[in-house]
Amino acid sequence: MPVLTSLYLCNRTVYAAVGVPAANGARVTAACQTELPEGCLINGIITNEGELTAALQGFFAANSLPTQRVALAAGGSQFNHRVLTLPRMNEKKRAAVLTRELSSGGADVTAPLDDYMLLSTDKKSKADTVLATRVESAVIENYIHLATACGLKLHSIDLALAGQIKLVGATPALAKQSFVVLQFDGDSLIAGLYEEGQYKYSTRSRLFNPRGTQASGTEIGQKLSGLIQFQTAAKSEHPITAVYFGGSTPADLAACTPACQALRLDAAEYPETVNVKLPEGVKLADVALAAGNLIGR
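Here is what the cut-offs are and how they apply
- Residues numbered from 1 in each chain as written.
- Predicted model: local features only at pLDDT ≥ 70, side-chain atom pairs only at ≥ 80, totals over all residues.
- Heavy atoms only, no water.
- Helix = DSSP H or I, 4+ residues; strand = E, 2+ residues; numbered from the N terminus.
- Buried < 20%, exposed > 50% of the residue type's maximum accessible area, 1.4 Å probe, protein only.
- Contact = heavy atoms within 4.5 Å.
- Pairing = 2+ DSSP bridges.

J.: Residue-level account of the environment of Leu 113, with values.
T.: Inspection of the secondary structure assignment puts Leu 113 in strand E8 (residues 112–122). By relative accessible area, which is 40% here, Leu 113 ends up partly exposed. Along the sequence, Leu 113 and Leu 154 sit 41 residues apart, while their C-alpha atoms lie 17 Å from each other. Apart from the residues within four sequence positions on either side, Leu 113 is in contact with Thr 133, Arg 134, Val 135, Ser 137 and Ile 140.

Right under this line is the structure:
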């Protein structure tokens with residue numbers, strides 16, 4: 001399979017992972033990241049195309065990144081998503097059902113683009129559980145325009161959360177665990193809740209306290225407590241036992257560990273997996289979403 005350059009864009013940091021998708025994983029040959037100019041990209045929305053274009057062009061040139069097949073992973077509040085369980089049906093009928101369900105769920109927009117990711121299949125009931133996503137078409141058009149301005153040939157645009165879900169699926173050690181994955185990006189935090197290795201729910205929120213401080217650890221502990229309460233309210237038989245960190249610093253982990261311990265949760269960086277091969281010296285936790293985006297559905 002041809003090489004892909006997976007690019008994760010959200011707020012202050014851009015991550016890239018160059019590699020080839022493999023069965024249930026990926027082989028990453030190069031990985032890098034850099035900070036973006038402040039204010040050019042806010043919550044996944046392009047706010048200064050000129051600065052962002054120059055920053056991405058410099059990033060690709062400085063790291064000799066391939067520009068011919070770029071798989072973009074994007075995130076932000078403009079992407080609406082819901083977990084739905086649907087009976088087995090053809091693609092035309094499924095598209096109509098997704099449109100109706102996403103509209104009824106408060107994700108009605110002027111010119112929507114809808115898509116879905118298959119999460120699991122129940123062979124007995126012949127039902128599929130999917131992550132359905134809706135975004136305003138103008139958001140995608142802006143990303144396409146950005147790629148053209150940067151001299152990049154887009155292969156795909158996907159939801160960053162999908163990369164996290166695929167990465168968890170490619171990590172056998174997590175298959176039977178119930179846990180939270182915290183993905184840091186500047187002053188934003190994506191928290192994904194997984195039950196026995198299966199995605200259930202996620203939140204995206206802003207961090208108001210400086211990262212790596214005691215106040216930040218307390219704030220993140222409160223967010224984790226809310227997820228535990230959500231799990232309890234759902235009457236789950238699988239309590240959360242661990243928290244895994246992506247895109248974090250040692251200071252983030254140190255600040256959050258006391259709050260995790262108070263909630264009786266183990267805290268650690270996202271674990272390595274044999275299904276994602278990485279260059280020497282690169283930790284999966286540091287490039288989690290970019291690497292996950294390389295994995296095929």
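J.: Please give an account of the pairing of strand E11 (residues 179–185) that cites residues and values.
T.: Most of E11 sits inside the fold, with seven of its seven residues counted as buried. Here E11 shows no split at all, with Phe 179, Val 181, Gln 183 and Asp 185 on one side and Val 180, Leu 182 and Phe 184 on the other all buried. Two strands pair when backbone bridges link them, and E11 and strand E12 (residues 188–195) are joined in this way by seven bridges, in the antiparallel orientation. Bridging from a neighbouring strand, Phe 179 pairs with Tyr 194 of E12. As consecutive antiparallel partners, E11 and E12 are separated by two residues, and within that stretch Gly 186 has a phi angle of approximately 60°, a positive value. In this structure, E11 lies alongside strand E14 (residues 242–246), joined through five bridges in parallel fashion. Within E14, the position partnered with Phe 179 by the bridge is Ala 242.

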